[in-house]
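Architecture and fold: a report
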Amino acid sequence: MHTYHFDNDDSDSNMSAALMDTTWCMSPGLVADVRSNLHCSCCVFTTGNSASDDAESSMISKLKQTCGYEWTSRFQRMFQDIGVSKDLMKTFRDKQDLSKSCIKDFHMLVLTTGSWPFQQSSDNITLPAELQICVDKFKLFYQSQHQGRLLKWLMHLCKGELRTTYTHDPKDSKKPMMYTLQANTNQIALLNQYNSGLSFSEQELAAATQMGADALKGVLEVMLKSKLLVKDGDKYNLNMAFKNKKLRVNINIPVKAEAKAESEQLHKIIDEDRKMLIQAVIVRVMKTRKRLKHQPLILEAIEQLKSRFKPKVPMLKKCIDILIDKEFLERVEGTRDEYNYLA
């Protein structure tokens, strides 16, 4: 697999080369879902870069030329959401005195439901007061701009930065050294508790943050691994002797369980999308043929789908059964391998 570095001078040729490798190595259906998730991460965490916007727009145009409008329509909607969000945040900042109420670099993305493969978290954590003020002000602003729309918050996808005020230079204990911690919302909520104390039990942290057991366990695992906290019996203590080679420390890293769950969720989404596409193709074939035997139907469906992906026969059979249950098809009376289309 190649790694491409896009410089401004030759980004167009590099993107063309990357696109050729992508379409050669992977089926477009899988690329669409994988790239969709990668695109989400890039959009959510690298907004505000005009060069990146231009490159993204160019890549979407090339994908549209190669794979068609239907294949890239989701990317286009996602890209449009980012542009709308930028304009929305500019209006919000113009109407708010952020220096007195909100965090200076507070930024929000408003994304269209159905265009992004994000799942809403079941956890409803307690945000630090500084963040909650920003969220509440944005809610009021958005409702004044778009009445009747409902915002669903994806706090588990947010991130921010914290600065330590208790750490010192390892070579000179009298000299303060400030670290910048890049963390997600759950980590920020947990670390914020240590502004009011130096030691907490897991139960105390759970009650204060309202995090679910699994989420809290994952956050504590990262905190211990990064040595920001140390465990003493059933207490999690702030490590006053924390040190790191870097002044900017990224602790926003997924634990293995989260990475595995994300991978499983991605494959589940891919399978569901493919099932819907297979059913649409089968219906289209049967609507034209009206009556068809099992094997010719399978072969016809594979032929029409091969430009997107190569479907497995068991999945095709399952989709036929689903369409029979939905009363789009019926088995010809007295046979088991012939179907009629039901208008």
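Residues numbered from 1 in each chain as written. Predicted model: local features only at pLDDT ≥ 70, side-chain atom pairs only at ≥ 80, totals over all residues. Heavy atoms only, no water.

Right, let's get into the overall build of the chain. Regarding its fold elements, the chain presents 11 helices and 11 strands. A total of 343 residues make up the chain; the buried ones form 37% of that total. Accessible surface computed for the chain: about 21400 Å², of which carbon and sulfur atoms make up 51%. (Helix = DSSP H or I, 4+ residues; strand = E, 2+ residues; numbered from the N terminus. Buried < 20%, exposed > 50% of the residue type's maximum accessible area, 1.4 Å probe, protein only. Areas by Shrake-Rupley, 256 points an atom, 1.4 Å probe, with all protein chains shown as cover.)

Mean pLDDT over the chain works out to 79, with 74% of the residues at or above the 70 mark. The spread of mean pLDDT over the elements of the chain runs between helix α1 (residues 11-25), the lowest at 46, and strand β7 (residues 235-238), the highest at 96. Of the regions scoring below 50 in pLDDT, residues 1-11 engages in 11 contacts with residues more than four places distant in sequence or in other chains. pLDDT under 50 marks residues 17-31. Its contacts with residues more than four places away, or in other chains, come to 24 contacts. (pLDDT = per-residue confidence, 0-100. Contact = heavy atoms within 4.5 Å.)

Let us look at the pairing of strand β6 (residues 229-232). As defined by bridge partners, β6 adjoins β7 across 4 bridges and the pair is classed as antiparallel. By the bridge assignment, Asp-232 is partnered in β7 with Lys-235. (Pairing = 2+ DSSP bridges.)

Our focus in this paragraph is the packing of aromatic side chains. Applying the stated criterion to the full structure yields 8 aromatic pairs. Ring centres of Phe-138 and Tyr-142 lie 6.2 Å apart, and the angle between their planes is 20°; this geometry places the pair in the stacked category. Note that Phe-138 and Tyr-142 are positioned in helix α5 (residues 129-145) at a spacing of 4 residues, about one turn of the helix. Take Phe-138: its relative accessible area is 1%, and that puts it in the buried class. Its relative accessible area of 5% is what places Tyr-142 among the buried residues. Each ring, one from Tyr-179 and one from Phe-242, has its centre 5.2 Å from the other, and the planes form 75°; the classification is edge-to-face. Pair noted here: Tyr-179 is in the loop between β3 (172-176) and β4 (180-184) and Phe-242 is in the loop between β7 and β8 (248-250), with a separation of 63 residues, a long-range link. Classification of Tyr-179 as buried rests on a relative accessible area of 0%. Residue class for Phe-242 comes out buried when judged on its relative accessible area of 2%. An aromatic cluster is defined as three or more aromatic residues linked by ring pairs; in this entry it consists of Phe-92, Phe-106, Phe-138, Phe-141, Tyr-142 and Trp-153. (Phe/Tyr/Trp six-rings, centres within 6.5 Å; stacked < 30°, edge-to-face > 60°.)

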